[in-house]
Amino acid sequence: MALVSIRDYEARAHEIIPRNALDYFRSGAGDELSLRLNRTGFDRLRIRPRMLQGANERDLSCTVFGERFSMPIGISPTAMQRMAHPDGEVANARAAASQRVPIILSTISTTSIEDVASATPGSVKWFQLYIYRDRSVTESLVRRAEAAGFRAIVLTVDAPVFGLRRSDMRNRFSLPPHLTIANFVGKAATGVHSQGGSGINEYIAAQLDPALSWDDVKWLVGFTKLPVVVKGILTREDAIIAADLGVHGVFVSNHGARQVDSVPASIEALPEIVKAVGDRVEIFLDGGITQGTDVFKALALGARMVFFGRPAVWGLAVHGQQGVENVLGILRMELDLTMALVGCNTIAEITKNYIVHEEYYSKL
């Protein structure tokens, strides 16, 4: 069967990835209500197309932090990608480079900062950062990313501890023994192994600082020369604090619905954050993206760029670098087709006038 959608790639990947890794990639927190909301949040939005707008040739390009991208779509940080394919993060980064879109490398990657950089010279890569108990470790990661040519730091702020992920607990999740957390040495590299529960939760509990605060954001902004984006924001209150501290971007995200169950879908939280700080910082979003209409809806509600994590893993598992390129190509084609049928020639023309909640029609 031809693979013509993200759902097709997801179904095929589920047949390929070993159960221990598959459940890690696909699962959410608790009863997975928020995981479902990430999908149904998009489903509740309706597109209002305009006819006869002369949308003959579309320009999908956009500019973020002074960089020109081929489309407003990027790849979110996902940990331990070599569990899905031997080429892991390198294949993902090469696919992003080939399509001229950004990729965010996870701190908890199975390929090092330096190896990803050497495999994709000149392409735009951002680095996702956790705050470790030892602040010198955190600063060292930032300095290595700077030296390797990464263009931004994406600080995850919604994970002082990892959420309740029952699939990982049932599986007693462990990183396969032939892999390591490649940005580290010693226990920090090899310590993702179950001591009775979820190995990743036990690792995070030992390594990361649960007392993470806004002071840490201020500290990071103060010493790095790179733009800082805070990832995991779901409220206007936190978005305003972040903007006041001088961050360059706010990433609306519920961590793939893997932290607190019953939080809103990212797309549901987006409008209040855009209203609060959209004129001060760049706004990004991930969570639940499976088709081009999702990208269109997020852009219409004020996101500058939309990212996805799991679909890249599904493409990676199925066909390595080519699979990720295919996934990006599918989303590009679907966004382009949506723009043509809705009446938008450029990304700038995609505004909230094109989007309403389903209740708009139910009240008729």
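The preceding data block contains the structure.
First, a word on scope: everything that follows refers to the structure included in this document. (Residues numbered from 1 in each chain as written. Predicted model: local features only at pLDDT ≥ 70, side-chain atom pairs only at ≥ 80, totals over all residues. Heavy atoms only, no water.)

1. Describing the packing of aromatic side chains
Heads up, the condition is: Classification of ring pairs uses Phe, Tyr and Trp, with its six-membered ring standing for Trp, and accepts pairs whose centres are within 6.5 Å; under 30 degrees between planes counts as stacked, over 60 as edge-to-face, and the remaining range as tilted. Helix numbers and strand numbers start at the N terminus; a helix is a DSSP run of H or I with at least 4 residues, a strand a run of E with at least 2. Working definition: with a 1.4 Å probe on protein chains only, accessible area under 20% of the residue-type maximum means buried, over 50% means exposed, and in between means partly exposed. In our convention, an over-ring charge means Lys NZ or Arg CZ found within 6 Å of a ring centre and within 35 degrees of that ring's normal.
Within the structure shown, the criterion is met by 15 aromatic pairs. Ring centres of Trp 219 and Phe 223 lie 4.8 Å apart, and the angle between their planes is 55 degrees; on these two criteria the pair is classed as tilted. You can see Trp 219 and its partner Phe 223 sitting in helix 10 (residues 214-223), four residues apart, about one turn around the helix. Using a relative accessible area of 27% as the deciding quantity, one classes Trp 219 as partly exposed. What links up through ring pairs into an aromatic cluster is the set Phe 65, Trp 126, Phe 251, Phe 284 and Phe 307. Over the aromatic face of Phe 251 sits the side chain of Lys 231, whose NZ or CZ is 5.0 Å from the ring centroid.

2. A word on unusual backbone geometry
The backbone phi angle of Arg 172 is positive, close to 50 degrees, even though this residue is not glycine. By the secondary structure assignment, Arg 172 is in the loop between helix 7 (166-171) and helix 8 (187-190). Its relative accessible area of 53% is what places Arg 172 among the exposed residues. At Ser 262, a position not held by glycine, the phi torsion is positive, near 85 degrees. Tracing the sequence through the fold places Ser 262 in the loop between strand 9 (249-252) and helix 12 (266-277). The exposed category is assigned to Ser 262, whose relative accessible area is 54%.

3. What about the pattern of salt bridges?
Operational definition: One speaks of a salt bridge when a side-chain nitrogen belonging to Lys or Arg is within 4 Å of a carboxyl oxygen belonging to Asp or Glu.
Under the counting rule described, the total for this entry stands at 19 salt bridges. With a closest N to O distance of 2.8 Å, Arg 135 and Asp 209 form a salt bridge. Of the two residues, Arg 135 is situated in helix 6 (residues 135-147) and Asp 209 in the loop between helix 9 (199-207) and helix 10; the sequence distance between them amounts to 74 residues. Arg 135 sits in the partly exposed class, given a relative accessible area of 24%. Judged by relative accessible area, which is 14%, Asp 209 ranks as buried. The shortest N-O distance in the salt bridge between Glu 282 and Arg 304 comes to 2.9 Å. Taken together, the residues Glu 282 in strand 10 (residues 282-286) and Arg 304 in the loop between helix 13 (292-300) and strand 11 (305-308) connect sequence positions 22 residues apart. Overall, the relative accessible area of 16% leaves Glu 282 in the buried class. The class for Arg 304 is partly exposed, based on a relative accessible area of 38%.

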